[in-house]
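The primary structure of each chain is shown beneath.
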Amino acid sequence: MKIVMLGAPGAGKGTQAKMIADKYSIPHISTGDIFRANIKEGTPLGAKAKEYMDKGLLVPDELVCDLVVDRIQQDDCKNGYILDGFPRTIPQAEALTDALSKISDKVEYAINVEVPDENIVNRMGGRRACVGCGATYHVKYNPPKVEDVCDKCGEKLILRDDDKPETVQKRLDVYHEQTQPLIDYYTKQGVIAEVDGTVDMNEVFDNIVKLLEA
Ligand code: AP5
């Protein structure tokens, strides 16, 4: 099962990708998580990525493509994977298609989680992310058991730097300009699956499972 998650920032891609990865026992590969881990570890890649992320801009394609193409060739990806946050531009999608076609393979599902911009701004302000394991919560829709403490690892929960309102609007603009065209790209490949991301997150998940198992 080779799945790509599409959708605006804050549409719920990460939330759903984790649930799908658990259900089907496939790795969840989030480029945002990879960059945040590199920032935390103080690597050169992290320093470079941070320059763009803090401004709500995309990290250049050349820093992303090889990283993902290498990752999906690892052993744990043999039975599939779910890509969350990649591809995000047409050149990234083409790099993925090319890498897969070399091994006679292709993306099987591109799941587009649809949420209007006005819901997004509200969601991002309420998101809290764990500094330890990266788990995400929402103060209203998915609160932790103890305020600002991760249920899974007990570390502190924070508002991500790029979830501040001024950066969220920039990320939405970048999404419409550079990432939304991927919906057409994967529609033409015949693999697009659309879900309404405005309903309860468990209902979104049930709808995705129905599409994957149809
Ligand atoms: P990344 O981490 O990928 O951020 P994003 O795509 O902007 O997506 P988010 O993680 O913000 O949101 P999400 O859709 O996963 O939503 P979530 O499930 O958390 O990337 C960050 C940055 O890294 C980019 O801006 C860019 O700079 C860089 N980058 C990453 N990949 C790159 C690439 N390929 N190329 C170039 N640059 C790249 O949900 C959001 C909130 O809503 C949570 O609080 C959640 O609990 C809540 N929620 C979820 N579902 C629901 C629901 N159904 N109802 C109510 N609340 C819900």
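Everything below is about the structure printed above this text.
As the structure is a prediction and not an experimental result, all values here were calculated from the model. (Residues numbered from 1 in each chain as written. Predicted model: local features only at pLDDT ≥ 70, side-chain atom pairs only at ≥ 80, totals over all residues. Heavy atoms only, no water.)

## Details of the overall build of the protein
Helix and strand counts for the protein stand at nine helices and eight strands. The C-alpha atoms of the protein give a radius of gyration of 16 Å, which matches the 17 Å a tight globule of 214 residues would have. For the protein, the residues scored as buried account for 43% of the 214 residues in total. In the protein, once contacts between residues fewer than 6 apart in sequence are set aside, the share between residues at least 24 apart is 68%. As displayed, the protein has an accessible area near 10,900 Å², and 51% of this comes from carbon and sulfur atoms. (Helix = DSSP H or I, 4+ residues; strand = E, 2+ residues; numbered from the N terminus. Rg over C-alpha atoms; globule rule 2.2 N^0.38 Å. Buried < 20%, exposed > 50% of the residue type's maximum accessible area, 1.4 Å probe, protein only. Contact = heavy atoms within 4.5 Å. Areas by Shrake-Rupley, 256 points an atom, 1.4 Å probe, with all protein chains shown as cover.)

## Some details on the packing of aromatic side chains
If you walk through the whole model with that rule in mind, you get one aromatic pair. Residues Y185 and Y186 carry aromatic rings whose centres are separated by 5.0 Å and whose planes lie at 85 degrees to one another, so their mutual orientation is edge-to-face. Over the aromatic face of Y24 sits the side chain of K23, whose NZ or CZ is 5.7 Å from the ring centroid. (Phe/Tyr/Trp six-rings, centres within 6.5 Å; stacked < 30°, edge-to-face > 60°. Lys NZ or Arg CZ within 6 Å of the ring centre and 35° of its normal.)

## Quick look at the sheet that holds strand β1 (residues 2-7)
The parallel open sheet is built from five strands, whose spatial order is β2-β3-β1-β4-β8. Each edge of the sheet is formed by a strand with only one pairing partner; in this case those strands are β2 (28-30) and β8 (192-196). Each strand of the sheet is rotated relative to its neighbour by a mean of 20 degrees, with strand direction disregarded. As judged from the four bridges shared by β1 and strand β3 (residues 81-84), these two strands associate in the parallel manner. Within the sheet, the bridge partner assigned to M5 lies in β3 and is D84. Contacting β2 and β3, helix α2 (residues 31-41) runs over the sheet at an angle of about 65 degrees to β2. (Pairing = 2+ DSSP bridges. Axes fitted to C-alpha atoms, helices over the stretch in contact; angles between N-to-C directions.)

## A closer look at the sheet that holds strand β6 (residues 136-138)
Strand order in the open sheet formed by three strands is β6-β5-β7, with antiparallel pairing between adjacent strands. Looking at which strands have only one partner, the edges of the open sheet turn out to be β6 and β7 (157-158).

## Thoughts on a negative patch on the surface
A cluster of like negative charges, contributed by E114, E194, D196, D200, E203 and D206, occupies part of the molecular surface. Within the residue set of the negative patch, elements represented by two or more residues are β8 and α9 (201-212). Structurally, D196 can be placed in strand β8. With a relative accessible area of 39%, D196 lands in the partly exposed category. (Patch = residues over 30% accessible without salt bridge, like charges linked within 9 Å, V, L, I, M, F, W, Y side chains within 5 Å. Salt bridge = Lys/Arg side-chain N within 4 Å of Asp/Glu carboxyl O. Lys, Arg positive; Asp, Glu negative; His and termini not counted. Charge placed at Lys NZ, Arg CZ, Asp CG, Glu CD.)

## With respect to the pairing of β8
Side-chain alternation along β8 places A193 and V195 on a buried face and I192, E194 and D196 on a face that remains uncovered. Bridging between strand β4 (residues 109-114) and β8 involves five bridges; their strand directions are parallel. From the neighbouring strand, A110 faces β8, where its bridge partner is I192.

## Description of unusual backbone geometry
Cis peptide bonds are those with omega within 30 degrees of zero, and the linkage from F86 to P87 qualifies with -5 degrees. Following the sequence through the fold, P87 ends up in the loop between β3 and α5 (90-101). You will see that S25, though not glycine, has its phi angle at about 50 degrees, which is positive. Take S25: it is sitting in the loop between α1 (13-24) and β2.

## Re the side chain of T31
Relative to the helices and strands, T31 is located in helix α2. Aside from chain neighbours lying at most four places away, what touches T31 is V64, V68, D84, G85, F86 and R88.

## Focus: the nonpolar core
I20, L83, L96, I111 and Y186 are the most contacted members of the largest nonpolar core, which has 49 residues in total. Broken down by element, this core gets its largest block of residues, five residues, from α9. When sequence neighbours within four positions are dropped, the list of residues in contact with L83 reads I3, V4, M5, I29, V68, I72 and L96. One finds A135, Y137, C150 and L157 within the second-largest nonpolar core, a separate group that totals five residues. (Core = buried A, V, L, I, M, F, W, Y, C linked by side-chain atoms within 4.5 Å.)

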